[in-house]
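Remarks on the overall topology
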Amino acid sequence: MPTLVVTGASRGIGLEFARQYAADGWRVIAGVRHPDKAEALRAVSGVEVHRLDVADPASIEAFAAGLEGEVVDLLINNAGIMGPHPHQQNQVTLDVAGWEETLRVNALGPVLVTLALTPNLTRALKPVAATVTSQMGSIAENSGGGYYAYRMSKAAVNMGMKNLSLDLRDRNIAVVVLHPGWVQTDMGGEQAPVKPAESVAGLRRVLAGVGIGHSGRFYSYRGEELPW
Ligand code: NDP
């Protein structure tokens with residue numbers, strides 16, 4: 001059975017990825033900041049829970065060292081934070097530390113995790129490294145403004161993944177970025193129209209069709225290709 005590594009799996013979309021792939025018989029390795037607090041994840045049978053803080057390079061290194069020699073067929077960089085944002089759209093927050101944290105988690109983290117697990121992905125037959133970004137990181141689609149830290153972090157991770165799609169092509173690793181829709185999670189809020197189960201089912205359909213020919217592309221959970 002194939003192996004999935006998913007980050008930020010303690011709740012929300014990441015937890016749903018772990019549930020659905022485990023239910024299909026995949027080996028699921030889930031990275032979370034606080035394994036002791038991830039009760040919902042630990043209740044999913046067959047999931048291996050590892051400590052991983054994607055904002056901390058030492059934690060990423062230790063996580064990868066624990067997987068040395070293992071095959072990883074699919075990596076899903078899912079962990080993310082909204083970061084600081086003022087309520088008035090045209091105002092910029094001066095919470096620079098919060099802004100830097102957002103960039104560390106959302107932009108640097110996925111790139112570092114992908115690089116750390118490249119040897120594992122290289123061992124797979126049809127490896128895919130996917131990152132849950134957001135349409136809010138699309139420069140072409142930005143008509144609303146605001147949310148500087150979040151939008152900039154997602155635009156930055158998009159560029160990082162586009163780069164990796166080129167740099168990892170000779171190792172046959174397909175690199176894609178995914179928009180999950182507006183999803184009912186702690187981040188998305190209760191008014192979000194899409195349930196995690198529907199978003200993840202859609203993203204899994206997209207991922208099942210991804211091969212090296214799709215590397216460097218940006219897809220929504222509905223399978224549409226999105227502009228960068
Ligand atoms: P949640 O806030 O529900 O969950 C976020 C997850 O990320 C939690 O498991 C959290 O862990 C984890 N996380 C945060 N920081 C770190 C870190 N430093 N290291 C490891 N894990 C971390 O958000 P969603 O499930 O909604 O979001 C998942 C992804 O989807 C994010 O990348 C988000 O940007 C993206 N997205 C979500 C949308 C939505 O509408 N919900 C829309 C577009 C994109 P902990 O429990 O420890 O805090």
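Residues numbered from 1 in each chain as written. Predicted model: local features only at pLDDT ≥ 70, side-chain atom pairs only at ≥ 80, totals over all residues. Heavy atoms only, no water.

1. Looking at unusual backbone geometry
Among all residues except glycine, the phi angle is most often negative; among peptide bonds, the trans geometry is most common. Let me state the cut-off plainly: Secondary structure follows DSSP: runs of H or I at least 4 residues long count as helices, runs of E at least 2 residues long count as strands, and numbering of each begins at the N terminus.
One non-glycine residue, Tyr-147, lies in the positive phi region at around 50°. Position of Tyr-147 among the secondary structure elements: in the loop between β5 (128–132) and α6 (148–167). One non-glycine residue, Asn-172, lies in the positive phi region at around 70°. Structurally, Asn-172 is set in the loop between α6 and β6 (174–179).

2. Comments concerning the packing of helix α1 (residues 12–23) against helix α7 (residues 196–208)
For clarity, the threshold we go by: Helix axes are fitted only over the stretch in contact, all axes being lines through C-alpha atoms; the angle between N-to-C directions runs from 0 to 180 degrees. Take the far helix as the reference: if the near one is turned anticlockwise from it by less than a right angle, the crossing is left-handed, and if turned clockwise, right-handed. Whether two residues are in contact is decided by their heavy atoms, any of which lying within 4.5 Å being enough. Gly falls in the polar group here, along with every residue not listed as nonpolar (Ala, Val, Leu, Ile, Met, Phe, Trp, Tyr, Cys, Pro) or charged (Asp, Glu, Lys, Arg).
Axis separation between α1 and α7 bottoms out at 9 Å; the angle between their running directions is 60°. The two elements α1 and α7 meet at a crossing, and its hand is right-handed. Contact with α1, carried on its side by Ile-13, Glu-16, Phe-17, Gln-20 and Tyr-21, involves Pro-196, Ala-197, Val-200, Ala-201, Leu-203, Arg-204 and Leu-207 of α7 and no other residues of that element. Its residues assigned to classes, the contact of α1 with α7 shows nine nonpolar, one polar and two charged.

3. Regarding the side chain of Arg-151
Filter applied, for reference: Here a polar contact means two N or O atoms within 3.5 Å. Within protein one must be a hydrogen donor candidate and the other an acceptor candidate, and residues neighboring in sequence count only if both atoms are side-chain atoms.
By the element assignment, Arg-151 lies in helix α6. A distance of 3.3 Å separates a polar side-chain atom of Arg-151 from the backbone oxygen of Met-136. When near neighbours in sequence (up to four residues on either side) are disregarded, Arg-151 contacts Met-136, Gly-137, Asn-142, Gly-144, Gly-145 and Gly-146.

4. Things to note about the sheet that holds β5
Short version of the rule: The criterion for strand pairing is that DSSP finds at least two bridges linking the strands in question.
Taken in spatial order, the seven strands of this open sheet run β3-β2-β1-β4-β5-β6-β7, and their pairing is parallel. Whereas interior strands pair on both sides, the edge strands pair on one side only; in this sheet they are β3 (47–51) and β7 (217–220). The mean angle between the axes of side-by-side strands here comes to 20°, regardless of whether they run parallel or antiparallel. Here α6 sits on the sheet in contact with β4 (74–77), β5, β6 and β7, set at roughly 160° to β6. Its contacts with the sheet put α7 on β4, β5, β6 and β7, and the angle it makes with β6 is roughly 155°.

5. Some remarks on the site of the ligand
Rules: Definition of nearness: a residue and a molecule or strand are near each other if at least one heavy atom of the residue lies within 4 Å of the molecule or strand. Whether a set of points on the 1 Å grid over the protein atoms alone is a cavity depends on a 1.4 Å probe fitting there but being unable to get out, while an open set qualifies as a pocket with protein on both sides within 12 Å along at least five of seven lines; lining residues are those with an atom within 4 Å of a point. A pocket or cavity is taken to hold a molecule when more than half of that molecule's atoms are within 2 Å of the pocket's grid points.
Around the ligand, the surrounding shell holds 28 residues, and the nearest of these are Ser-10, Arg-33, Tyr-150, Val-183 and Thr-185. The cavity where the ligand resides is the largest pocket. Of all elements in the fold, only α1 and α6 reach the threshold of two or more residues within the shell around the ligand.

6. Quick notes on the nonpolar core
Side chains of a nonpolar character, in soluble globular proteins, are inclined to be buried together. Test applied: The definition of a nonpolar core used throughout is a set of buried Ala, Val, Leu, Ile, Met, Phe, Trp, Tyr and Cys residues joined through side-chain atoms within 4.5 Å. A simple rule labels every residue: compare its accessible area, found with a 1.4 Å probe on the protein chains alone, to the largest value its type can have, and call it buried under 20%, exposed over 50%, or partly exposed in between.
Counting residues in each nonpolar core, the largest one holds 33 residues, and the members touching the most others are Val-6, Phe-17, Leu-41, Ile-76 and Leu-207. Among the elements that line this core, the one with the most residues is α1, at six residues. The contacts of Leu-41, once residues within four sequence positions are left out, are Ala-9, Leu-15, Ala-18, Ala-30, Val-32, Val-47 and Val-49. Of all hydrophobic cores here, the second largest spans 28 residues; its members include Val-113, Met-161, Ile-173 and Val-177.

7. Brief notes about the pattern of salt bridges
To keep it simple, the criterion reads: Whenever a carboxyl oxygen of Asp or Glu lies within 4 Å of a side-chain nitrogen of Lys or Arg, that contact is scored as a salt bridge.
Evaluation of the coordinates by the stated rule reveals seven salt bridges. The salt bridge partner of Arg-204 is Asp-24, with a shortest N-O separation of 2.4 Å. Highlighted residues: Arg-204 in helix α7 and Asp-24 in the loop between α1 and β2 (27–32), separated in sequence by 180 residues. In this structure Arg-204 comes out as buried when scored by relative accessible area, which is 18%. For Asp-24, a relative accessible area of 44% translates into the label partly exposed. A salt bridge links Glu-70 to Arg-27; the nearest nitrogen and oxygen atoms lie 2.9 Å apart. You can see Glu-70 sitting in the loop between α3 (57–66) and β4 and its partner Arg-27 sitting in strand β2, a full 43 residues away along the chain. Counted as one network, the salt bridges with shared partners bring together Arg-27, Glu-48 and Glu-70.

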